[in-house]
Amino acid sequence: MKSPDHPPPAHPARLILILSLAPSVGLGIGRFAYSLVLPDMRDTLDWSYSAAGFMNTINAAGYLAGALLASRIARQFGLSAAVRWATMVCVVSLALCAISGNFVALSFARLIVGFGAAIGFIAGAALAARIAQLQPPQANFLLSLFYAGPGLGILSSGLIAPFVLKAFGPGSWWIVWWALTLLGIVMTIPVFLAPIETGDSIAEAAPAKFAIAPIAIYLAGYFLFGAGYIAYMTFMIAYVRDAGGGAAAQSAFWCLIGFSAFVTPWVWRRVLARDRGGGSTAIILGVNALGAALPLFGHSAALLSISALVFGVAFFAVVGSTTAFVRFNYPPAIWPTAIAAMTIAFGLGQTLGPFAVGVITDAMGSLSYALSVSAATLALGAILSAFQGRLGRSPST
């Protein structure tokens, strides 16, 4: 239903695409581009796989903290302000990553970018859901555009990082972080200039009650998604490099994952439109598990390319399916809280995942074991999600 206080924006798709730049910076660059720099950082700084995994664990811990505080911050300052300043925090943290090779300093920078990314993502998702809801026939498609944002960050960083490393040689990881900082600044400018206040009324709504019990199994499935996907996204570039892939191969693999985000809205449009409880999430998460498992069957360029495409096209849609689930099952006043609950479950999973997988890899001596655990975890998440039924229209009671 269209709100009389907030008429439909003239260009809803454009506004949502601008909003998507927040997760482009916070997630696509701030979190995932670390995988591109990780092999050089690990070699130069003499890290174990456990230490390398810890950097994404501390990032995920910051993300979890941000998810816990996002609704409160959005109510205090408004959704649009939360999106803008959280994104700026992410840019500052990228610069911090370039300044020092000290493990504690880098851990702090990774913590801060996670915190900012969560707030920007939750506030941005709530704003995007509000804008999409004002155009009911296109709501699911418009909402999918927001989740293409991390793909843009992945794609653009994939076109930059491997070639900077190749040009400047071993030990140039810090130069990559400066390049990514500049990229983040460029992407942040439209977020500050665009009139994205369209849906701030959500943040001003009185806090509504939210019950976890009716969606406990769905949250468990999303927790497993957080734990399972992060191993693939953290260590696959190292896997490609260990298989003999140079800068071009690493860039191509990473860019294929990012490119997948742009076709996600069309590939999953009908699936996301289904109001069938956790069914849509289960289908997409199952495909995600398949993409994560494919590298276990060989190192050929064709197989790795298919893996990147299949994993990527499902990876971005899983997150979109949870927001569609929230939109179908809860009134708008509860959206920020419900999205935050999803993000917390996701954050818990991805906090545990990278370090655990790093320990497994150090113990077993092969990244193949990490990928096996990742694929199995994603598959179990799909199974659990399938058991989530539809909620009544008053799930807060």
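Residues numbered from 1 in each chain as written. Predicted model: local features only at pLDDT ≥ 70, side-chain atom pairs only at ≥ 80, totals over all residues. Heavy atoms only, no water.

*Asks:* How should I be thinking about the overall build of the chain in this particular structure?
*Replies:* Counting its secondary structure elements, the chain contains 17 helices and 0 strands. In summary, the chain has a C-alpha radius of gyration of 19 Å against a globular reference of 21 Å for 397 residues, a match within 12%. For the C-alpha atoms alone, the extent of the chain along its principal axes is close to 60 × 40 × 35 Å. For the chain, with 397 residues in total, the buried portion stands at 61%. Of the side chains in the chain, 19 bear a positive and 10 a negative charge, and the two mean positions are spaced by 13 Å. (Helix = DSSP H or I, 4+ residues; strand = E, 2+ residues; numbered from the N terminus. Rg over C-alpha atoms; globule rule 2.2 N^0.38 Å. Buried < 20%, exposed > 50% of the residue type's maximum accessible area, 1.4 Å probe, protein only. Lys, Arg positive; Asp, Glu negative; His and termini not counted. Charge placed at Lys NZ, Arg CZ, Asp CG, Glu CD.)

*Asks:* Explain the environment of glycine 114 here, please?
*Replies:* Position of glycine 114 relative to the elements: it lies in helix α6 (residues 103–133). Given a relative accessible area of 1%, glycine 114 falls into the buried group. Note: C-alpha distance between glycine 114 and histidine 299 (185 residues apart in sequence) is 32 Å. Beyond its immediate sequence surroundings of up to four residues, glycine 114 is in contact with Asn59, Gly62 and Tyr63. (Contact = heavy atoms within 4.5 Å.)

*Asks:* In this structure, what is going on with the pattern of salt bridges? I would like to understand it.
*Replies:* When their charged atoms lie close together, side chains carrying opposite charge are able to pair. On inspection of all chains with the given rule, the structure shows 1 salt bridge. Between aspartate 43 and arginine 241 there is a salt bridge whose closest N-O contact spans 2.9 Å. In this pair, aspartate 43 is assigned in helix α3 (residues 34–45) and arginine 241 in helix α11 (residues 216–242), connecting sequence segments 198 residues apart. Given the relative accessible area of 45%, aspartate 43 is considered partly exposed. (Salt bridge = Lys/Arg side-chain N within 4 Å of Asp/Glu carboxyl O.)

*Asks:* Help me out: how do you make sense of unusual backbone geometry in this one?
*Replies:* Glycine aside, residues mostly have negative phi angles, and peptide bonds mostly take the trans form. Of note, aspartate 46 is a non-glycine position whose phi angle comes to about 60 degrees, a positive value. Tracing the backbone through its elements, the reader meets aspartate 46 in the loop between α3 and α4 (49–77). Residue aspartate 46 is classed as exposed on the basis of its relative accessible area, which comes to 69%.

*Asks:* Help me understand the nonpolar core, please; the structure alone is not making it clear to me.
*Replies:* Soluble globular proteins: nonpolar side chains tend toward being buried together. In terms of nonpolar packing, the biggest core is built from 130 residues, with Trp177, Phe225 and Tyr229 touching the most fellow members. Residue contributions to this core peak at 16 residues, all from α6. Setting aside residues no more than four positions away along its own chain, phenylalanine 225 makes contact with Leu285, Asn288, Phe315, Val318, Val319, Phe346 and Leu378. (Core = buried A, V, L, I, M, F, W, Y, C linked by side-chain atoms within 4.5 Å.)

*Asks:* What exactly am I supposed to notice about the side chain of threonine 351 here?
*Replies:* Tracing the backbone through its elements, the reader meets threonine 351 in helix α16 (residues 335–364). Taking relative accessible area as the criterion, threonine 351 reaches 16% and is therefore assigned buried. In terms of polar contacts, threonine 351 uses its side chain to reach the backbone carbonyl oxygen of alanine 60, at 3.3 Å. (Polar contact = N/O pair within 3.5 Å; in protein donor to acceptor, adjacent residues only side chain to side chain.)

*Asks:* Help me understand a nonpolar patch on the surface, please; the structure alone is not making it clear to me.
*Replies:* Taken together, the side chains of Trp85, Met88, Val92, Leu96, Ile99, Phe108, Trp174 and Trp178 make up a nonpolar region of the molecular surface, amounting to roughly 820 Å² of accessible area. Those elements giving two or more residues to the nonpolar patch turn out to be α5 (79–99) and α9 (173–193). With 5 residues, the single largest contributor to the nonpolar patch is α5. Position of methionine 88 among the secondary structure elements: in helix α5. On the basis of relative accessible area, methionine 88 is assigned to the partly exposed category, the value being 31%. (Patch = residues over 30% accessible without salt bridge, like charges linked within 9 Å, V, L, I, M, F, W, Y side chains within 5 Å. Areas by Shrake-Rupley, 256 points an atom, 1.4 Å probe, with all protein chains shown as cover.)

*Asks:* Hey, could you run me through the packing of aromatic side chains in this one?
*Replies:* Two numbers describe a pair of aromatic rings. These are the distance of the centres and the angle of the planes. Taken as a whole and assessed by the stated rule, the structure comprises 19 aromatic pairs. Taking the centre distance of 5.2 Å and the plane angle of 85 degrees together, the rings of tryptophan 85 and phenylalanine 192 count as edge-to-face. Highlighted residues: tryptophan 85 in helix α5 and phenylalanine 192 in helix α9, separated in sequence by 107 residues. When its relative accessible area of 28% is taken as the criterion, phenylalanine 192 is described as partly exposed. An aromatic cluster is built from Phe32, Tyr63, Tyr222, Phe225, Tyr229, Tyr232, Phe253, Phe311, Phe315, Phe316 and Phe346, whose rings are joined through pairwise contacts. Directly above the ring of tyrosine 63 sits arginine 31, whose terminal nitrogen or CZ lies 4.4 Å from the centroid. Directly above the ring of tyrosine 49 sits arginine 42, whose terminal nitrogen or CZ lies 3.7 Å from the centroid. (Phe/Tyr/Trp six-rings, centres within 6.5 Å; stacked < 30°, edge-to-face > 60°. Lys NZ or Arg CZ within 6 Å of the ring centre and 35° of its normal.)

*Asks:* I would appreciate a short explanation of helix α1 (residues 12–19) in the present structure.
*Replies:* Note that an α-helix has 3.6 residues per turn; residues three or four places apart therefore point the same way. Every buried residue of α1 is accounted for by Pro12, Leu15, Ile16, Ile18 and Leu19. Seen from one end, α1 has its buried residues packed into an arc of 160 degrees, which puts them on one side. In the core, the buried residues of α1 are packed alongside α2 (21–29), α5, α6, α7 (139–146) and α9. (Arc of directions from axis to C-beta.)

*Asks:* Help me out: how do you make sense of α3 in this one?
*Replies:* The terminal C-alpha atoms of α3 lie 14 Å apart, and with 12 residues this falls more than 12% below the ideal 16 Å at 1.5 Å per residue. All of the buried residues along α3 are Tyr34, Ser35, Leu36, Val37, Leu38, Pro39, Asp40 and Met41. Looking one or two residues past α3, aspartate 46 carries a phi angle of roughly 60 degrees, positive in sign. (Expected span 1.5 Å × (residues − 1).)

*Asks:* Would you explain the confidence of the model for the chain in this entry?
*Replies:* In the predicted model, the chain carries a mean pLDDT of 85, and the fraction of residues at 70 or more is 93%. Ranking the elements of the chain by mean pLDDT puts helix α10 (residues 201–204) last, at 44, and α9 first, at 96. Taken as a whole, residues 1–5 scores under 50 in pLDDT and shows 6 contacts with residues more than four places along the chain or in a different chain. Here residues 201–206 scores under 50 on pLDDT; set against residues more than four positions off or in separate chains, the count is 14 contacts. (pLDDT = per-residue confidence, 0-100.)

*Asks:* Whenever I open this one, the environment of alanine 249 confuses me. Can you help?
*Replies:* Mapped onto the elements of the fold, alanine 249 is located in helix α12 (residues 247–267). Judged by relative accessible area, alanine 249 falls into the partly exposed class, the value being 34%. Considered as a pair, alanine 249 and phenylalanine 54 are 195 residues apart in the sequence and their alpha carbons are 26 Å apart.

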